[in-house]
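One letter stands for each residue in the lines below.
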Amino acid sequence: MKSLQNKNILLGVTGGIAAYKSAEIVRSLKKMNADVRVVMTKSSHEFVTPLTLQALSANPISSDLLDINAEAAMSHIELARWADALLIAPCTAETISRLASGRGDDLLTTITLAFDGPIAIAPAMNQAMWRDSRTQDNVSKLVANNTLICGPGTGEQACGDVGIGRMLEPEEVLNIFSSLFKSGKLISKKVVVTAGPTQEPIDPVRYLTNRSSGKMGYALANAALEAGAEVVLISGPTDLNAPEHLHFVSVRTAKEMHEAVQHHLNSTDIFIGSAAVSDYKPSKEYKNKIKKDKGKKSISFELEENIDILKGVSSQTKRPFVVGFAAETQDVIKNAREKLGSKNLDLIIANDVSKTDIGFDSEENEVTLITPRDDYFISKNSKKAISKKIIDFISEVI
Ligand SMILES: Cc1cc2nc3c(=O)[nH]c(=O)nc-3n(C[C@H](O)[C@H](O)[C@H](O)COP(=O)(O)O)c2cc1C
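None of the values given here were measured: they were computed from a predicted structure.

Conventions used here
Residues numbered from 1 in each chain as written. Predicted model: local features only at pLDDT ≥ 70, side-chain atom pairs only at ≥ 80, totals over all residues. Heavy atoms only, no water. Pairing = 2+ DSSP bridges. Helix = DSSP H or I, 4+ residues; strand = E, 2+ residues; numbered from the N terminus. Contact = heavy atoms within 4.5 Å. Axes fitted to C-alpha atoms, helices over the stretch in contact; angles between N-to-C directions. Near = heavy atom within 4 Å. Polar contact = N/O pair within 3.5 Å; in protein donor to acceptor, adjacent residues only side chain to side chain. Areas by Shrake-Rupley, 256 points an atom, 1.4 Å probe, with all protein chains shown as cover. Nonpolar A, V, L, I, M, F, W, Y, C, P; charged D, E, K, R; others polar. Parallel < 35°, antiparallel > 145°, perpendicular 65-115°, else oblique. Left-handed = near helix turned anticlockwise from the far one by under 90°. Buried < 20%, exposed > 50% of the residue type's maximum accessible area, 1.4 Å probe, protein only. Arc of directions from axis to C-beta. Core = buried A, V, L, I, M, F, W, Y, C linked by side-chain atoms within 4.5 Å. Domains from an automatic or database assignment. Buried area = accessible area lost by both parts, 1.4 Å probe. Salt bridge = Lys/Arg side-chain N within 4 Å of Asp/Glu carboxyl O.

Student: Which parts of the structure should I look at to understand the sheet that holds strand 1 (residues 8–13)?
Tutor: Through backbone hydrogen bonds, the strands of a sheet pair up, either in parallel or in antiparallel fashion. The strand order across the open sheet built from 5 strands is 2-1-3-4-5, with neighbouring strands paired in parallel fashion. Of all the strands in the sheet, just strand 2 (35–40) and strand 5 (148–149) have a single pairing partner and so form its edges. Lying on the sheet, helix 2 (residues 50–57) is in contact with strand 1 and strand 2; it crosses strand 2 at an angle near 165°. Its contacts with the sheet put helix 4 (residues 93–100) on strand 3 (85–91) and strand 4 (119–123), and the angle it makes with strand 3 is roughly 140°.

Student: What exactly am I supposed to notice about the site of the ligand here?
Tutor: Neighbouring the ligand are 15 residues; Gly 15, Thr 41, Ser 43, Thr 92 and Thr 95 lie closest to it. The backbone of Ala 93 places a nitrogen or oxygen atom 2.8 Å from an oxygen atom of the ligand. Relative to its unbound accessible surface of 640 Å², the ligand loses 62% to contact with the protein. The element best represented in the shell around the ligand is helix 4, accounting for 4 residues. In the shell around the ligand, the residues fall into 6 nonpolar, 7 polar and 2 charged.

Student: Would you mind showing me how to read the packing of helix 9 (residues 215–226) against helix 13 (residues 383–397) here?
Tutor: Helix-helix packing is characterised by the crossing angle of the two axes and by the distance between the axes. It is at 8 Å that the axes of helix 9 and helix 13 come closest, and there the two elements cross at 50°. Regarding the angle of helix 9 to helix 13, the classification is oblique. You can see that helix 9 and helix 13 cross each other, and the crossing is right-handed. Of the residues in helix 13, those touching helix 9 at Lys 215, Met 216, Ala 219, Leu 220, Ala 223 and Ala 224 are Lys 383, Lys 384, Ile 386, Ser 387, Lys 388, Ile 390 and Ile 391.

Student: I tried to follow unusual backbone geometry on my own but got confused; where do I start?
Tutor: Generally, phi is negative for residues other than glycine and the peptide bonds are trans, each holding for most cases. Cis geometry is adopted by the peptide bond preceding Pro 90, which originates at Ala 89 and carries an omega value of 0°. Locating Pro 90 in the fold gives a position in strand 3. Located in the positive-phi region is Asn 6, a residue other than glycine, with phi close to 65°. In this fold, Asn 6 is placed in the segment before strand 1. With relative accessibility at 52%, the residue Asn 6 sits in the exposed group.

Student: Help me out: how do you make sense of helix 3 (residues 75–82) in this one?
Tutor: Owing to its 3.6 residues per turn, the α-helix aligns residues three or four sequence positions apart on the same side. Among the residues of helix 3, Ser 75, His 76, Leu 79 and Ala 80 are the ones counted as buried. Within helix 3, the buried residues cover an arc of 130° as seen down the axis, which keeps them to one side.

Student: Help me understand the environment of Asp 105, please; the structure alone is not making it clear to me.
Tutor: Position of Asp 105 among the secondary structure elements: in the loop between helix 4 and helix 5 (107–114). Along the backbone, Asp 105 and Leu 65 are 40 residues apart, and their C-alpha atoms lie at a distance of 7.9 Å. With residues up to four places along the chain from it excluded, the contact list for Asp 105 reads Leu 65, Arg 98 and Thr 110. Of note is the side chain of Asp 105, whose polar atom sits 2.6 Å from the side chain of Arg 103.

Student: Would you explain the nonpolar core in this entry?
Tutor: One recurring pattern in soluble globular proteins is that nonpolar side chains are buried together. Leu 11, Ile 25, Val 38, Leu 53, Leu 87 and Phe 177 are the most contacted members of the largest nonpolar core, which totals 32 residues. When residues of this core are assigned to their parent elements, the largest contribution, 4 residues, is made by helix 1 (residues 21–31). Not counting the four nearest positions on each side in its chain, Leu 11 is found in contact with Ser 22, Ile 25, Val 26, Val 36, Arg 37, Val 38, Val 39, Leu 87 and Ala 89. Val 193, Ala 227, Phe 325 and Ile 390 belong to the second largest nonpolar core, which has 30 residues in total.

Student: Before we go on, may I ask you to explain the domain arrangement of the chain in this structure?
Tutor: Interfaces are often sized by the amount of accessible area the parts lose when they come together. Here the chain is partitioned into domain 1 (2–181) and domain 2 (190–281 + 302–397). Each of domain 1 and domain 2 has a C-alpha centre, and the two are 36 Å apart. Contacts between the two partners involve 9 residues from domain 1 and, on the opposite side, 7 residues from domain 2. When domain 1 packs against domain 2, the two sides together hide about 700 Å² of surface, and 35% of this comes from carbon and sulfur. Taken together, the links from domain 1 to domain 2 amount to 3 salt bridges. Salt-bridge contacts for Asp 116 lead to Lys 389; the nearest nitrogen and oxygen are separated by 3.4 Å. Our count for the domain 1 to domain 2 interface comes out at 4 residue pairs in polar contact (both at pLDDT 80 or more). Of the residues in the side of domain 1 that touches domain 2, the class split is 1 nonpolar, 3 polar and 5 charged.

This is how it looks when you write it as structure tokens:
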């Protein structure tokens, strides 16, 4: 289940006999290198100890809606923003009923309201409770609301009954749950993503560069991978680890990036140029380090225009769907729309890098997707969540 690797999984645990299985779920998720945080309902504490789940998840357990220790005392919002997906296992008839009616009177239900990512539940209850028409109506409401229902299974129950209602085994639950990350929207598509900055050498120890952590491009490459695409990630120097399961190409200068893009462009369906490519480069690269000359108060360099990687892609006769980025500090939408036209792009993603809480080194971003026809605003969220939305958008319009 590689698709759960590096994911932030919020596990909700409710008060049923099967709560002991949640310990195995946490252990398995950790083995898959997922980061796990557990939210327990009050009654679940009677069935499994918070200490067990805390030790296994290596994270504090959350239970209280009113948490004075959380940032701004709003752990429901913090956890909803943190999570990539929410799994409630086991999920009692009571919690199913409260989710179906949109209640928000404890931490777990409030998180489900604040969370706009995928939600799965693993129902676990006595067979008569499961078959009850009110439970079935509630489950239908959740299905209509895009909740993934994992199980329940059939067999002998803790109360001695035999029938449908027992929670699936942890491995079966995780198997179904992991399907949330395989959207399949880009199956059999090839996506080339550029990310990070370029470095244009001045001399052997100095270079001209742009501010860029590469986080957005790497997140987009991962989102495309999760959507089933074959992905090539061409990256300038960053501090990030190369993601697994994609073709990674490391470059330094804009010229190297351009050559790598051209090399991999054949049969590419989508090109996403998120790299911060230096518009200019020093006209001359000094062979030796430029020494400080005490007699000179200033020195100057001539810069020349760099190669335009995006135009190099969009001017091809058999071109892919071309996506550019516009990191602007003023007139964001106007400047981005101009770039969309001048570079002949299909989509441009505009972000305001004058705001300090989003963009550049931040974990979060807020962007506007601009096509030749429309604008779509994506409000502030993690770069992972924004990337998924961008990939979903692209898969709808190509
Ligand atoms: C011993 C015992 C076992 C229970 N097992 C279940 C169960 O497996 N499934 C279920 O839906 N409710 C079960 N319940 C009832 C729930 O604990 C009860 O509805 C509780 O309010 C659920 O709250 P929660 O969903 O907020 O955790 C059980 C109750 C007791 C006392």
